[in-house]
Every structure is written in structure tokens, then in C-alpha cells.
Amino acid sequence: MFLVGGSVAFVKWYKYIFARTVHGVIVSVERPAAPTALVGVGAGVDSATAALFSFAVAIKEKSGEIVTASTEDRQWAVAQTGRCVEAKYYPYPPWNFEKSGTYHDARLLKLYDCGQPIEQPAAESAP
């Protein structure tokens, strides 16, 4: 029973277990589709809204690796090339053969000027 429950939890929470935090400079933030007007109501509106706020994101880390992801996070609309960023990338699971090894749902955690240091929380000192 524990094995079955653990397997179900692993499948359900895979993207959170193997999420990657990316720190670096934004190389590109692009809309795959041009913004369009939304007309009408119904089932198609949700998919049209998702397409409207869809972005492709590329961030260059200090190691030189450029990490890419797709996202529907509206915060990326204000992100600009050349700004520094901290983002969370979620991987597709290996059983999704078509997209395995790539990332989706990139979440913008921090956006800042590269010349400005990020305020780090003070380390707690032991008495």
C-alpha cells in the first residue's frame, strides 16, 4: 500500500521534486504568438487567454548555460532582456516522451538590475 501511495505521489509531484532554480541574465523573453483581441465567451476563452499570456524564456547562468522554458506566467510580460532574474523551472517528466528533458511553467521569483546586489536574508547566528 505504501509503495502504491508513494508512486502516485511521485508521479503527481514530479515537477516540484525536480524543480530547478535558475539565476542569471535574461537573454530573451518572447511571445510565441502575437497578442490578439479576445472576443466571445465559452470554453475557447481559457485556451485563448493562455495563448495570450504564453512566453518563451531564456536565461543565461554564470556557467554560460542558457536555460529555456515555456510559461503562461503573466509576470514575464514586464521582464526585459539584460535584467537579472531568479526563476523556478519545472521539468516535464521522463514519461512524457515528446517533451522529456525540457522545462515548462517558468515562474519569475525575483527580477532586478544586474548592477544591484540582491538583499540576502541575514544568516541566523547560533548563540
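For the structure, check the block above.
Report on the accompanying structure. Just so it is clear, the structure is predicted and the values come from calculations on it, not from any experiment.

For the rest of this paragraph, the subject is the overall build of the protein chain. On a plain count of helices and strands, the protein chain comes out with two helices and five strands. Residue burial in the protein chain is summarised as follows: out of 127 residues, 25% are buried. Contacts in the protein chain between residues at least 24 apart in sequence constitute 61% of all its contacts with a sequence separation of at least 6. Of the accessible surface of the protein chain, which amounts to about 8900 Å², a share of 58% is contributed by carbon and sulfur atoms.

In spatial order, the strands read E3-E2-E1-E4-E5; together these five strands make up an open sheet with antiparallel pairing. Bordering the open sheet on either side are strand E3 (66-71) and strand E5 (103-112), each of which pairs with just one other strand. The average undirected angle you get between the axes of adjacent strands in this sheet is 45°.

Applying the stated criterion to the full structure yields five salt bridges. Asp105 is the partner of Lys15 in a salt bridge, and the nearest nitrogen-oxygen pair spans 3.0 Å. One end of the pair, Lys15, is in helix H1 (residues 2-17); the other, Asp105, is in strand E5, and 90 residues separate them in sequence. According to the relative accessible area criterion, Lys15 is partly exposed, its value standing at 22%. For Glu61, the salt bridge goes to Arg20, with nearest N and O atoms at 2.8 Å. Of this pair, Glu61 sits in the loop between strand E2 (55-60) and E3 while Arg20 sits in strand E1 (residues 20-30), and the two are 41 residues apart along the sequence. Of the residues examined, Glu61 reaches a relative accessible area of 17% and is grouped as buried. Residue classification places Arg20 among the partly exposed positions, given a relative accessible area of 21%.

Scoring rules and cut-offs
Residues numbered from 1 in each chain as written. Predicted model: local features only at pLDDT ≥ 70, side-chain atom pairs only at ≥ 80, totals over all residues. Heavy atoms only, no water. Helix = DSSP H or I, 4+ residues; strand = E, 2+ residues; numbered from the N terminus. Buried < 20%, exposed > 50% of the residue type's maximum accessible area, 1.4 Å probe, protein only. Contact = heavy atoms within 4.5 Å. Areas by Shrake-Rupley, 256 points an atom, 1.4 Å probe, with all protein chains shown as cover. Pairing = 2+ DSSP bridges. Axes fitted to C-alpha atoms, helices over the stretch in contact; angles between N-to-C directions. Salt bridge = Lys/Arg side-chain N within 4 Å of Asp/Glu carboxyl O.

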